[in-house]
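# Coordinate analysis (summary)
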Amino acid sequence: MRLLLVEDNEINQVLAQRLIHKRGHKVVIASNGREALALLEIEYFDLVLMDIQMPEMSGLEVTAQIRRNEQATGQHIPIVATTASAMKEDRERCVQAGMDAYLSKPLERDSLFETIERLTGYSKKSVAPAASSGTSDPVFDRGAVLASLDGDSDLLREITGIFLAQAPRHMERIREAVSTKDPKNLERAAHALKGSAANLLAQEVVDAAAKLEEIGRLGSVAGSSEALQGLEKKLERLQSALGELEKEFARA
Ligand code: MN
């Protein structure tokens, strides 16, 4: 199959691409809605995986546009929403925008392929269930992350590297949004950091970033300085855990 992945977060791109390739499908990545619409004009895809939260054009807007374009042709490409939040209202908004299914991120292999193969009528014998994650460490649970990546330590190394490179940029944007009292950019930057940390199952950082995202979403920056301090502490712990892991990888 040929899939179109519409996703602005680099770690999410890498992870989804790896999962899809392992399953033997092809994937093309669009980093924003405009790119996605342009690709759909010129290339054939069996299905679209659509991030909801993206700067400029949201996944809901892109989907609505795709459905409008299809009115002329009578076609219907399956579109699967992928989102970090799993709120019921989101699910309803996705259906209203014309999406066929909804998955929460980080994407879980079995439900990803069950969903896309069901929607496209593609059949392949069922895959083994993922290993259970066991106990969880709120800073960074290496065993659980590795299990979620199918034991692929090269992939863990790759996303750890991307995370460590990206995190300071995300933090810079968050700090700037707090100091310039810019709720919209606060929401975006905190969302980006949250999404990246979620792939590492770094629950403390996910929760701390989610707090700032929510503050921004409510349209003010009230309480953001305290929340930022909390995030900074938690991110430091995560960075040091990941730094240790990188050293280990380097020795291996
Ligand atoms: Mn996004």
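First things first, this report covers the structure right here in the doc.

About the thresholds
Residues numbered from 1 in each chain as written. Predicted model: local features only at pLDDT ≥ 70, side-chain atom pairs only at ≥ 80, totals over all residues. Heavy atoms only, no water. Helix = DSSP H or I, 4+ residues; strand = E, 2+ residues; numbered from the N terminus. Rg over C-alpha atoms; globule rule 2.2 N^0.38 Å. Buried < 20%, exposed > 50% of the residue type's maximum accessible area, 1.4 Å probe, protein only. Areas by Shrake-Rupley, 256 points an atom, 1.4 Å probe, with all protein chains shown as cover. Lys, Arg positive; Asp, Glu negative; His and termini not counted. Charge placed at Lys NZ, Arg CZ, Asp CG, Glu CD. Donors = N, O, S within 2.8 Å, 3.2 Å for Na, K, Ca; no water. Expected span 1.5 Å × (residues − 1). Arc of directions from axis to C-beta. Contact = heavy atoms within 4.5 Å. Pairing = 2+ DSSP bridges. Right-handed = clockwise from strand over helix to strand, strands pointing away.

To continue, consider the overall build of the protein chain. Assigned secondary structure in the protein chain consists of ten helices and five strands. Taking 18 Å as the expected radius of gyration for a compact globule of 252 residues, we find that the protein chain reaches 19 Å, a close match to that expectation. Projected onto its principal axes, the C-alpha positions of the protein chain cover 50 × 45 × 30 Å. Looking at the protein chain as a whole, 46% of its 252 residues are labelled buried. For the protein chain, the exposed area adds up to about 12,800 Å²; of that, 49% sits on carbon and sulfur atoms. Mean positive and mean negative side-chain charge positions of the protein chain (32 and 39 charges, respectively) differ by 1 Å.

Expected angles at a metal are 109.5 degrees for tetrahedral coordination by four donors and either 90 or 180 degrees for octahedral coordination by six donors. Protein coordination at the manganese ion comes from Asp8 (OD), Asp51 (OD) and Gln53 (O), with a distance range of 2.1 to 2.2 Å. Taken in sequence order, the residues that donate to the manganese ion follow the motif D-x42-D-x1-Q. Residue Asp8 is located in the loop between β1 (2-6) and α1 (10-22), and its partner Gln53 is located in the loop between β3 (47-51) and α3 (59-73); the two are separated by 45 residues in the primary sequence.

In this section: α3. For α3, spanning 15 residues, the distance from its first C-alpha to its last is 21 Å, which sits close to the expected 21 Å at 1.5 Å a residue. When α3 is considered as a whole, its buried residues turn out to be Gly59, Leu60, Val62, Thr63, Ile66, Arg67 and Glu70. Seen from one end, α3 has its buried residues packed into an arc of 155°, which puts them on one side. In α3, those exposed residues whose orientation departs by more than 90 degrees from the buried face are Gln71 and Ala72. Here the buried face of α3 lies against α2 (33-42), β3, β4 (79-83) and α4 (88-97). At the C-terminal side of α3, Gly74 shows a positive phi close to 75°.

Buried within α2 we find Gly33, Ala36, Leu37 and Leu39. With its buried residues spanning 165° around the axis, α2 presents them on a single face. Along α2, exposed side chains directed more than 90 degrees from the buried face belong to Arg34, Glu41 and Ile42. Looking at the buried residues of α2, the elements they touch are β1, β2 (26-30) and α3.

Relative to β2, β1 is paired through five bridges, and the arrangement is parallel. In the strand pairing of β2, Arg2 is matched with Lys26. Regarding topology, α1 serves as the crossover connection from β1 to the parallel β2, and that connection is right-handed.

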